Structures are given as C-alpha cells and as structure tokens.
Amino acid sequence: MGAASGGVGGPEFEVPELPDPYAEPVPPGEPPAAESPSVELDDLLGDEAEPVPPAASTEEELALGDEAEPEVAVAEGELQGGGEEQSADEAVLLQADDIEEVLEEEEETDPPLTPVPAAPPVGEPTGTPILVGGDDFINSEATLVAYDSPDGPREVLLTHISEEAEEKLLDALSIPGTHMEEVQVEEEVKERLDLDKEKKLAELTKTAISSVQHKLKTGSEMSDASIAKHQAAVDAVSAVLGDPSISDDEKTMAQHYMDQLDVVKDKIDNGGAVMPWMDAYEVTETKMVTKQIPVPDGEPEPGTLAATVRKASRIKANLDPATGQTSWDGVTRSSAKGTEYEIDMGDGWKAVYRPYKDNDPSSSEFSLRGQLEVHAPSGAGHGKDLVERLEQLHLMNKPMTAAEGEWTYLSNNIQAQGLEGSAGMKAAMDTAQGLQDLQVQEIVHQRMESLMGLDSAALQTAMKRIHLEASHKVLPMKVEVVRDAVAKASGFATGAELAASPGYEPTPSTSGKWLTWSRFDVTGKKAEIQDAFKGRSLTHSLNGGELASLLGTGVLASTEKRAVMGIGGGLGMSEQADKMTGGANSVFLRVKKTPKQPGGGRLIWDDPSVLMQRSDYYAYNGDHYGAINPAHHNYNAGAITRDPMKIAKFTGSSNEIMFRNGIDLLGAEAPSRIVCHTAAERSTILASLTSRGITQLGGKPVEDVLCTEADYSS
C-alpha cells in the first residue's frame, strides 16, 4: 500500500464501494448555464466531476464528528482566504511571491518532518534521509547523497517509486518507440461479405451446428429445438441461393454454409461422431487502413522529457576505508540485469529510472524495479532543487509534513498489522479519497469562470494547485476517518482513544541513519513482545568484511544500499539471488535461542522488541532468500508473515526476518551485544567509537556492548 497523503495526479487508494459516512454534504455549486466547462476541463476532472456518494452503511459508518460537515462543504470565502473578491487570475494562479508566501505559511503551521538540506554532507555514504509527501514513493522515503568527485560534489536523489505512480512518471517521458502516429497503409484483410452479415447466415449456421454438436457429445437424442435451428438456417441460406441477382462470391458463400448444413442434417438423422468446427466464409480484400505505428527517433512531444532506453545499471561508487568517505565520478556504473531509462531533464539535470513495466520479474532483478535517481549538475547546493525537480517527472515534490506523516504512519500500520480486510477499512479508505474529491469539486466550481478562460498549460497548472490545496484542506479529516477505522480494527473504541494510547507514535524515528516508522501493536505492548521472545534473540552473522568497517559506516545495509554507498559486493550470503527475489532491498536477521557462547563477527539483539517495533519487516520460517517476487520459485505468499508473535515462535534453523534498507547500529536500534573475534579487534573498534564521541549504544555504555568470544568461553 502506498503511504502518505493524497497528492496531485490521482487517487491515493483505489477501493470500490464508497459508503457515505458524512451527513448530507453541500453539493458543489453549479456553473452558470451559459458557461459550461470546456472539454479540456472535463478531461482534467475525469470521473471526479460529478461525485455521487451512495447511501450510508449503518454497519460500517465512520462518523466524522460534529465538525465534519462544515469541513466538507467549505464556504467560498474560507477557501479563497476571506470575503474579499479576487480577480480571475488571483483566484486560479497565485503569483510567484504569493506561492512563496503560502509555502512559508505552511511550513510554519506544519513544518517538514525532515527538512531538506541545501547541500547534503559531501562523502557521507548513507546520505541524508528525507520524507517526501504524497504516495508516489515507497514509505515516502528518499535519500540525498553528495558523492565526492574531482569536479566537485555530485549530488543525487535516490528513491523507490510505487508501482501505482509509474504511469504518471511515464506520461512525463518521450521514450523511443513508445509514441505513436497514425498512418494510412494498404493492407490485405479478411472479411465476411456484406450479404452474409445482413442475413446472418454464419450466425444461423453456427447456432445449428452448436446445438447438434452438444447432442453428439452427450449421446442425447436430437431435440425439436435442434431440428428447428437447423431448419431456420437452411431456410435463410436457401433464400439467398434462390436469388438470381446475387454475385458469384455471394453464391459461393451461401453454398459454403449449405454444405455445412447438409452435414448437420446427416447428424440429425443418423448421429455419429462430432463435427469439425466451421469457419465463417471470408474473402481477402486490399484496403487502406489507419494504423498506429511507433516513432523511433521523433522529437519529444511538447511538455515531455527525452528518454533513452538502455541496459540497467547502478552507480559504481567507492568507499574509502580509511576516511569512511564515498566518492563517484558521475559516470562509472556497474551493470545489472534489466532495463532502465536515462532521462534528460535539461540544464545539466538528468534522471535514471528502472521501470516496473519493462523489467519482467521472471528475468530481471526484482529489487531494482521502481528505483529512481535524480542527478544535479556537478557542484554543491542542489538539495532542495533535487526534490523540486521531481515535479518534472509528474511526481510529488514537497517535503512531508507532520499531518502527512500521521497518514503514512496509519497506512504502514494497516499493512504491517494486516488490517486491510478488516470491517470498515476499505470503506474508510474510499471515504478519505471521496472527501478530497469533493473538496476539489468545491474549489473548481467556485473558480469555474476563471478556469474556463485558461489555455491548456495554464489549466494544468491551476488544477495541480487546486488538488494540492484540497489535499492540505481535507487531510485532518482524512486522518480522522482512517484513524477511527484503524482503531476499531485493532480493538480501540475510537480514534481518539488510539491516538492517546502510549504506543501511538505517528512520527518516524530520525535519530540515526535511517528513517523508520513504528507499529503501535508493538510499541504499545512492549512487555508482551518481550515475553513472547523470552530466551530468544535476533542475530546477524557477518559473512564477509570486518566489524570495524561495518561500525565505521554505522549501518547494517542491504545489498542495494551497499551498492550506492560504494561498498563492494561479496559481503552478503546470496547477493545475486537476492536481487532476483527482491530480498536485496533488505537486511536479513534470524531468530535464535539466545546464544550463550556466540562466535565472533556477530550482532545480537537480546531484546527483539527494539526491532520488532518497526513496520517495514516481513519474515519466513525458512530460507526463501527474502522473496517478495511473485514470479520467483522461492516466493510463498502463504508463508510470509509480519506478525511478531508468530516470528517469536519460529523454529526453522534457516528462518529469516527482512528489514528494509538496513539497521542503524549506532542509534536506538543498536544491538545489545557486538561480539568481536579478539580483544585487539575490540580495542580498535572501541577507540574508533570513542574518537567519534560515541559512548553509548542503545542506551548502554559502549564497553558493555562490545565483547569477545573469550568472554563466553568459560
């Protein structure tokens, strides 16, 4: 499920059967009779133009409270910022200064959860994590990385768009061979004769054959109905054959059907084996037909970005083990199994996108599908522009606000806790979208006169702003509707009771290298989770590399994350296989009986609730290579679980729990034990952490977390 609030360009959730949880909303005002909307405006509104909410369902009704009705039917003066009349231009397109002022006001009242830096720190391998509003990105996540290079910093935005948002992105591109033009070509076509179509000879004959064929297959006696169908066909064909004015082709056609009907008569009289199937009589003609053909090397369509199709690749960065800094020359890339688009965004900007549609899950790397890179020209200071440039790709381009964050938090909890099918949940999701659609209509109808005076480009801009305005306006109501549904699905009386519960934390953890959302069924029941895992721990054993290097970066990173950080391959147990299964986007841990004598090179979480509170994990009670690719033989939808109570009972020796992106080893998610091979290795790591001012890990002194094999040998 895509997370975050609705944005420009489409509904957040496509769920059928919208019940009516709000009481008699004021219908959108009608435009003046003489000023019907233009065709272009109708196209933009689509199905939203006339929202017709069905009757309320008393069983699933989600009351919005006393304030719901005034919020849905917002007064014109309130929407337009007071009772003063605005000019047409002011009502539709805010001037540059006004837009900046509105954005500043929004930031003051609902500031970004993750402010976007003007210049991300150069060489920081994990980059700067940010959250982008809307549901275009998986978990609303993006990362800004500034690679060091001889030509100055190479600033890149890395993200993973949702499959539902791909059509919007593709609509922004001109891809060779995908844009079509109409041409007239001469072509041989097979067609039935007009007389056949007029008299329905083929249809009558096929009806007679089908009826008799059924009797032959079942060994039944011929019925009066079958005989009558045969006679009706014979009469129609005989009438054509008896017409002296028909052409030779028409006579041949009629005789074709009569020959078939003679076979049917024999079967009616004598029975026997089933008949071969009859084809309708067709003649070959040469005609001029209109066809759509791809334009391989045409100019990009107006308003689109030129894209080149090429073999998939990844940024090939370098991580300096001595300095911990990552670098990239802006050019070198490693090959991957699949297809990608290189997109020219103009002015030295470009993007690289690996589409879902052109990367078959059965033959390409599943983990790269949906990956997007946006590249700024060389030099520092493009942080905010990297986010804003997403608009060129028809994607949301504003930092996520706190109000949007609660929407994302709820969406993630619905998926993590498996609440999608709960009573009232689908209705709540559709209601949330219905509220926004209604708000859009309110604004459109209030501004109809000025909208009708705009050209296509200006109308597109105006509609984007209207959708954004509507989204911000109704977001609190949407959150309230869905929060109530989530509350009832999870055992709370009301949404207010859920929001007041100790485990409800609708903001992400931003203390470390990763941004992660929690799940309230774990944070609110920590003691129960700890009891379920009693005597068991989560563990990770290093397959390659050194603990010192790992803790130098401070993260246990997924295969895909390691690639863009500049960490070489060969560290994971099954990196290539994981790329095909989709497991390469996650790190793997196992549930084990708490080890009394653990070997070196091991990370141990003796309190699994530290990680189980995250909402982005899934697990198998066996080795499935973290498969989420339905086309891969290791995938098993019935075996995947996100239930921490089930995970606590895993008994398979090769069980696996996958955490998206990675785990911050130096922050709140730090392991409770880091087992070094030797005392010398422990001393080296301890000195490194101390020099960086790190004295505690997960609330414990570093000295207590770092240990060696020898500590457990007695």
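Located above this text is the structure these notes cover.
Computed from a predicted model, the values in this text were never measured in an experiment.

1. Some remarks on the overall build of the protein
Next, step 1: For the protein, the helix and strand inventory stands at 25 helices and 23 strands.
Next, step 2: Here the protein, with 714 residues, has 49% of them falling under the buried criterion.
Next, step 3: Contacts in the protein between residues far apart in sequence, at least 24 positions, make up 77% of those at least 6 positions apart.
Next, step 4: Of the accessible surface of the protein, which amounts to about 33,100 Å², a share of 49% is contributed by carbon and sulfur atoms.

2. Overview of the nonpolar core
Soluble globular proteins tend to bury their nonpolar side chains together.
Next, step 1: By size, the foremost hydrophobic cluster in this structure holds 37 residues, and its most contacted members are Leu538, Met612 and Phe659.
Next, step 2: Apart from the residues within four sequence positions on either side, leucine 538 is in contact with Phe533, Leu589, Arg590, Val591, Leu603, Ile604, Trp605, Pro608, Leu611, Met612, Ile657 and Phe659.

3. Points about helix α8 (residues 201–218)
Next, step 1: Taking 1.5 Å per residue, 18 residues should reach 26 Å; α8 reaches 26 Å between its end C-alpha atoms and fits that length.
Next, step 2: Of the positions making up α8, those classed as buried are Leu201, Ala202, Thr205, Ala208, Ile209, Ser211, Val212, Gln213, Lys215 and Leu216.

4. A short note on the packing of helix α12 (residues 402–416) against helix α15 (residues 456–489)
Next, step 1: Contact pair α12 / α15: the axes reach a minimum separation of 10 Å and the direction vectors enclose 25°. One way to sum up the angle between α12 and α15 is to call them roughly parallel. Crossing handedness for the pair α12 and α15: left-handed. Residues Ala403, Glu404, Glu406, Trp407, Leu410 and Ile414 of α12 pack against Leu475, Lys478, Val479, Val482, Arg483 and Val486 of α15.

5. Details of the sheet that holds strand β10 (residues 333–346)
Note: strands within a sheet are paired through backbone hydrogen bonds, in either parallel or antiparallel orientation.
Next, step 1: Taken in spatial order, the eight strands make up an open sheet running β1-β2-β3-β12-β11-β10-β7-β4, and their pairing is mixed. The open sheet terminates on both sides in strands that have one partner only, identified here as β1 (128–131) and β4 (173–174).
Next, step 2: Bridge count for β1 against strand β2 (residues 137–147) is four bridges, and the pairing is antiparallel. Among the inter-strand pairings, leucine 131 is bridged to a residue of β2, identified as glutamate 141.

6. What to know about the pattern of salt bridges
Once their charged atoms are close, side chains differing in charge can pair, the charge on each being opposite to the other.
Next, step 1: Under the definition given, this model contains 23 salt bridges.
Next, step 2: Put simply, arginine 314 and glutamate 560 hold a salt bridge, and the shortest N to O gap is 2.7 Å. Taken together, the residues span a long stretch of sequence, with arginine 314 in strand β7 (residues 305–315) and glutamate 560 in helix α20 (residues 559–565) at a distance of 246 residues. The pair arginine 314 / glutamate 560 is uniform in exposure class, with both members buried.
Next, step 3: The salt bridge partner of glutamate 406 is arginine 483, with a shortest N-O separation of 3.0 Å. Placement of the pair is glutamate 406 in helix α12 and arginine 483 in helix α15, with a sequence separation of 77 residues.
Next, step 4: On the basis of relative accessible area, arginine 483 is assigned to the buried category, the value being 16%.
Next, step 5: Linked through salt bridges whose partners overlap, the residues forming this network are Arg310, Arg333, Glu340, Glu342, Lys350, Arg354 and Glu373.

7. Some details on the packing of aromatic side chains
Next, step 1: Throughout the structure, instances matching the rule amount to five aromatic pairs.
Next, step 2: Seen from their ring centres, tyrosine 409 and tyrosine 504 are 5.0 Å apart, and the 90° between their planes marks the pair as edge-to-face. Here tyrosine 409, found in helix α12, pairs with tyrosine 504, found in the loop between α16 (495–500) and α17 (520–523); they are 95 residues apart in sequence, far enough to count as distant. Both residues of the pair, tyrosine 409 and tyrosine 504, count as buried.
Next, step 3: Judged by centre distance (6.3 Å) and plane angle (40°), the rings of tyrosine 504 and phenylalanine 520 are tilted. Of this pair, tyrosine 504 sits in the loop between α16 and α17 while phenylalanine 520 is found in helix α17, placing the two residues 16 residues apart along the sequence. The same class applies to tyrosine 504 and to phenylalanine 520, which are both buried.
Next, step 4: Aromatic ring contacts, followed pair by pair, group Tyr409, Phe492, Tyr504 and Phe520 into a single cluster.
Next, step 5: It is lysine 478 that lies over the ring of tryptophan 407; its NZ or CZ is 4.9 Å from the centre.

8. Observations concerning the sheet that holds strand β20 (residues 673–676)
Next, step 1: Overall, mixed pairing links the seven strands, which are arranged β17-β18-β15-β13-β16-β20-β23 in an open sheet. Across the chains shown, the open sheet's two edge strands, defined by having one partner strand only, are β17 (617–620) and β23 (706–708). On average, each strand axis in the sheet is tilted by 30° relative to the strand beside it, whichever way the strands run.
Next, step 2: Direction of pairing for strand β15 (residues 586–593) relative to strand β18 (residues 656–660): antiparallel, over a ladder of four bridges. In the sheet register, leucine 589 faces β18, and the bridge partner there is isoleucine 657.
Next, step 3: Across the sheet, helix α24 (residues 679–691) touches β20 and β23, and the angle it forms with β23 is around 170°.

9. Here's the deal with the pairing of β15
Next, step 1: Where strand β13 (residues 536–541) meets β15, four bridges bridge the pair, whose relative direction is antiparallel. Bridge pairing in β15 links threonine 539 to arginine 590.

10. Examining the pairing of β20
Next, step 1: Burial of β20 is two-sided: the residues Arg673 and Val675 facing one way and the residues Ile674 and Cys676 facing the other way are all buried.
Next, step 2: In this structure, strand β16 (residues 602–605) lies alongside β20, joined through three bridges in antiparallel fashion. Across the sheet, residue leucine 603 finds its bridge partner in β20, namely isoleucine 674.
Next, step 3: Bridge analysis of β20 against β23 gives three bridges, and the strand direction is parallel. Along β23, the bridge assignment pairs isoleucine 674 with leucine 706.

11. Quick notes on α15
Next, step 1: Of all bends in α15, the biggest is about 50°, found at valine 474, and the proline proline 476 comes one to four residues later.
Next, step 2: At the N-terminal boundary of α15, the capping side chain belongs to aspartate 455, with an oxygen 2.8 Å from the backbone nitrogen of alanine 458.
Next, step 3: Of the residues trailing α15, glycine 491 is marked for its positive phi of about 95°.

Criteria and thresholds
- By convention here, each chain's residues receive numbers from 1 onward along its written sequence.
- Where local features are concerned, this predicted model is filtered to residues with pLDDT of at least 70; where side-chain atom pairs are given and counted, the filter is 80 or more; whole-chain, interface and lining totals use all residues.
- Remark: hydrogens and water are excluded; side-chain values derive from all non-hydrogen atoms of the structure.
- Strands are runs of DSSP state E lasting at least 2 residues, helices are runs of H or I lasting at least 4, and numbering of each runs from the N terminus.
- For every residue, the accessible area obtained with a 1.4 Å probe (protein chains only) is divided by the maximum for its type, and the residue is called buried under 20%, exposed over 50%, and partly exposed between those limits.
- Pairs of residues are marked as contacts when any of their non-hydrogen atoms sit within 4.5 Å.
- Exposure was quantified through the Shrake-Rupley algorithm and a 1.4 Å probe, taking into account, for residues, occlusion by the shown protein chains and nothing else.
- Take the buried residues of types Ala, Val, Leu, Ile, Met, Phe, Trp, Tyr and Cys, join any two whose side-chain atoms come within 4.5 Å, and each joined set is a nonpolar core.
- Helices are assigned an expected span. That span is 1.5 Å times one less than the residue count.
- Between the N-to-C directions of two axes lies an angle of 0 to 180 degrees, each axis being a line fitted to C-alpha atoms and, for a helix, fitted only over the stretch in contact.
- What sets the label is the angle itself: under 35 degrees gives roughly parallel, over 145 gives roughly antiparallel, 65 to 115 gives roughly perpendicular, and the rest give oblique.
- Handedness of a crossing follows from how the near helix is turned relative to the far one, being left-handed for an anticlockwise turn of less than a right angle and right-handed for a clockwise one.
- A pair of strands counts as paired when DSSP detects no fewer than two bridges linking them.
- The salt bridge criterion pairs a side-chain nitrogen of Lys or Arg with a carboxyl oxygen of Asp or Glu, the two atoms within 4 Å.
- Only the six-membered ring of Trp is used, alongside the rings of Phe and Tyr, when aromatic pairs are assigned; centres must lie within 6.5 Å, and planes under 30 degrees apart are stacked while those over 60 apart are edge-to-face, with the rest tilted.
- A ring is scored as having a charge over it whenever the NZ atom of a lysine or the CZ atom of an arginine sits within 6 Å of its centre and within 35 degrees of its normal.
- Two axes enter the definition of the bend at a residue: one is fitted to the seven residues ending there, the other to the seven starting there, and the bend is the angle between them.
- Pairs of N or O atoms within 3.5 Å make up the polar contacts considered here, provided that, within protein, one atom can donate a hydrogen while the other can accept it, and that residues adjacent in sequence are counted only when both atoms are side-chain atoms.

All we've got here are geometric facts, nothing functional implied.
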